[in-house]
Amino acid sequence: MRALVFAQHGDPARVLQQVDIAVPEPGPGEVRVRLSARPVNPSDLLSIAGRYGRPARFAPRGSTSARPKEGPALAIAGFEGAGLVNALGPETVGPPPGARVAVAADGTWQEYVCVPATDVLPVGERVSLDTGCQLTINPPTAHLLLDGLALWEGGTVLLTAGSSAVSRMIVWLAARRGLRCLAAVRRTEACPGLRDSGALPLHARTAAELTARVGEATGGRGVDAALDAVGGAVGGAALRCVRAGGRFVSYGLLSGDPLPVPPAELIFRGVRVSGFWLPERLEELGPPARDAVGRLMDDVHTAVAAGLPGFEVAARYDLGDHPRALDHALRRGSAGKVLLTG
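Residues numbered from 1 in each chain as written. Predicted model: local features only at pLDDT ≥ 70, side-chain atom pairs only at ≥ 80, totals over all residues. Heavy atoms only, no water.

## Describing the pattern of salt bridges
Right, so step 1: Tallied over the full model, the rule gives 17 salt bridges.
Right, so step 2: Among the charged side chains, a network of salt bridges with common partners joins Arg2, Arg34, Glu111 and Asp318. (Salt bridge = Lys/Arg side-chain N within 4 Å of Asp/Glu carboxyl O.)

Okay, structure coming up:
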């Protein structure tokens, strides 16, 4: 089967390659899924580049044709996908062959993947696999980020990367909690859609412009909380826009630059600064964690059925056309998710 792999960390466009490896066999308690859609997420690219929160799993892989059975250690890219259950392992109770499921696992940029039966998420017939392959990262992130802020009705939230899929989901969810979102965007084209979702778009191309726009929108008071996906100067500006005693949460590295956190923000203004990483947050949900995750995913399904936005697809590329897919995904201003198919 085809798989997109890398033998070392580096620029995804340079180190990612397609190889032919053996189809994996499901073990006890596992199901094998024939994947048909996989999003290209920022976390995927960070992992390939060696900038993710956990190291890639490099391991020797057997091959059917592209290389000898014993060869260099490789890591398969990708953390998310969707497709059809293809086979069940010995003594496995799980979705039957042919069931539509979403998968969150290491190495989804291949044609088949084996995962514990308890880890697959059934996808209803009314949900496309294009949407299903995006269910396990962005929607739970949006839910948990808002939950963590614990704001009262009427609170204000500043979002950097305001037109991103996660931000658009947060805007939609926040509106149903009576919260007001200020969504920072670099392009005016994103503003109408954000207004329709209930956000106040702030067109800001620089950190200074962001500070000014937030000041105007809040009458100089600042926001109750900021959710930052960018870091660098923009993240630093968002931090300064938080009122005394407010919350600032960093959950993304889009700029690639360090986040400046002046001690005065913490000491004299009492702004509470924290980070968010979905895998760690899921582990913190508490016992029984699986039940808590199940309730979270039930909430995700309910929101999707009610019209949760953020699942638009910009383009689809076959696994073999991954160079074009990566180029598209990294293009500044690209709207919608790039998917790998096949």
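Read on for the rest.
## As for the nonpolar core
Right, so step 1: Counting 47 residues, the largest nonpolar core has Leu145, Ile170, Cys181, Leu227 and Leu308 as the members making the most contacts within it.
Right, so step 2: Counting only elements with at least two residues in this core, the list comes to α4 (138–149), β9 (156–159), α5 (165–175), β10 (180–185), α6 (191–197), β12 (223–228) and α11 (289–305).
Right, so step 3: Residue contributions to this core peak at 7 residues, all from α5.
Right, so step 4: Setting aside residues up to four positions removed in sequence, Cys181 forms contacts with Val157, Leu159, Ile170, Val171, Ala174, Ala199 and Leu200.
Right, so step 5: Grouped together as the second largest cluster of nonpolar side chains are 18 residues, Leu4, Ile48, Ala75 and Ala315 included. (Core = buried A, V, L, I, M, F, W, Y, C linked by side-chain atoms within 4.5 Å. Buried < 20%, exposed > 50% of the residue type's maximum accessible area, 1.4 Å probe, protein only. Helix = DSSP H or I, 4+ residues; strand = E, 2+ residues; numbered from the N terminus. Contact = heavy atoms within 4.5 Å.)

## Points about the packing of aromatic side chains
Right, so step 1: Evaluated as defined, the whole model comprises 3 aromatic pairs.
Right, so step 2: Ring centres of Tyr52 and Trp277 lie 5.5 Å apart, and the angle between their planes is 80°; this geometry places the pair in the edge-to-face category. Of the two residues, Tyr52 sits in the loop between α2 (42–49) and β4 (75–76) while Trp277 sits in the loop between β14 (272–275) and α10 (278–283), which places them 225 residues apart along the sequence.
Right, so step 3: One aromatic cluster is present, formed by Tyr52, Phe79 and Trp277 through successive ring pairs.
Right, so step 4: Between the NZ or CZ atom of Arg54 and the centre of the ring of Phe79, over which it lies, the distance is 5.4 Å. (Phe/Tyr/Trp six-rings, centres within 6.5 Å; stacked < 30°, edge-to-face > 60°. Lys NZ or Arg CZ within 6 Å of the ring centre and 35° of its normal.)

## Observations regarding the environment of Thr206
Right, so step 1: Considering the arrangement of structural elements, one finds Thr206 in the loop between β11 (200–203) and α7 (207–218).
Right, so step 2: For Thr206, a relative accessible area of 39% translates into the label partly exposed.
Right, so step 3: Sequence separation between Thr206 and Leu173 is 33 residues; the distance between their C-alpha atoms is 27 Å.
Right, so step 4: A distance of 3.1 Å separates a polar atom in the side chain of Thr206 from the backbone nitrogen of Glu209. (Polar contact = N/O pair within 3.5 Å; in protein donor to acceptor, adjacent residues only side chain to side chain.)

## Points about the sheet that holds strand β1 (residues 2–6)
Right, so step 1: Judged by pairing direction, the sheet is antiparallel, and its 3 strands sit side by side in the order β2-β1-β4 without closing on themselves. Whereas interior strands pair on both sides, the edge strands pair on one side only; in this sheet they are β2 (17–20) and β4.
Right, so step 2: Judged from the 4 bridges that link them, β1 and β2 form a sheet pairing that is antiparallel. Paired with Leu4 across the strands is Gln18, a residue of β2. (Pairing = 2+ DSSP bridges.)

## Let's talk about α2
Since the α-helix packs 3.6 residues into each turn, any two residues three or four apart lie on the same face.
Right, so step 1: Buried residues dominate α2, accounting for 6 of its 8 residues.
Right, so step 2: Looking only at α2, the buried set comprises Ser43, Asp44, Leu45, Leu46, Ser47 and Ile48.
Right, so step 3: Residues of α2 that are buried sit in contact with β1, α1 (12–15), β3 (30–39) and α12 (322–329).
Right, so step 4: Phi turns positive one or two residues past the end of α2, at Gly50, with a value near 85°.

## Comments concerning the pairing of β1
Two faces belong to every sheet, and in a regular strand the side chains alternate between them.
Right, so step 1: Across the 5 residues of β1, 4 count as buried, placing the element largely inside the fold.
Right, so step 2: Here β1 pairs with β4 via 2 bridges, running antiparallel. Looking at the pairing, Phe6 lines up with Ala75 of β4.

## With respect to the sheet that holds β10
Right, so step 1: The 6 strands lie next to each other as β11-β10-β9-β12-β13-β14, forming an open sheet whose pairing is parallel. Edge positions in the sheet fall to β11 and β14, since each has one partner strand and no second. Averaged over all adjacent pairs, the angle separating strand axes in this sheet is 20°, with direction ignored.
Right, so step 2: Each of β9, β12 and β13 (242–250) touches α4; the most contacted strand, β13, lies at about 155° to it. (Axes fitted to C-alpha atoms, helices over the stretch in contact; angles between N-to-C directions.)

Geometry only, nothing functional implied.
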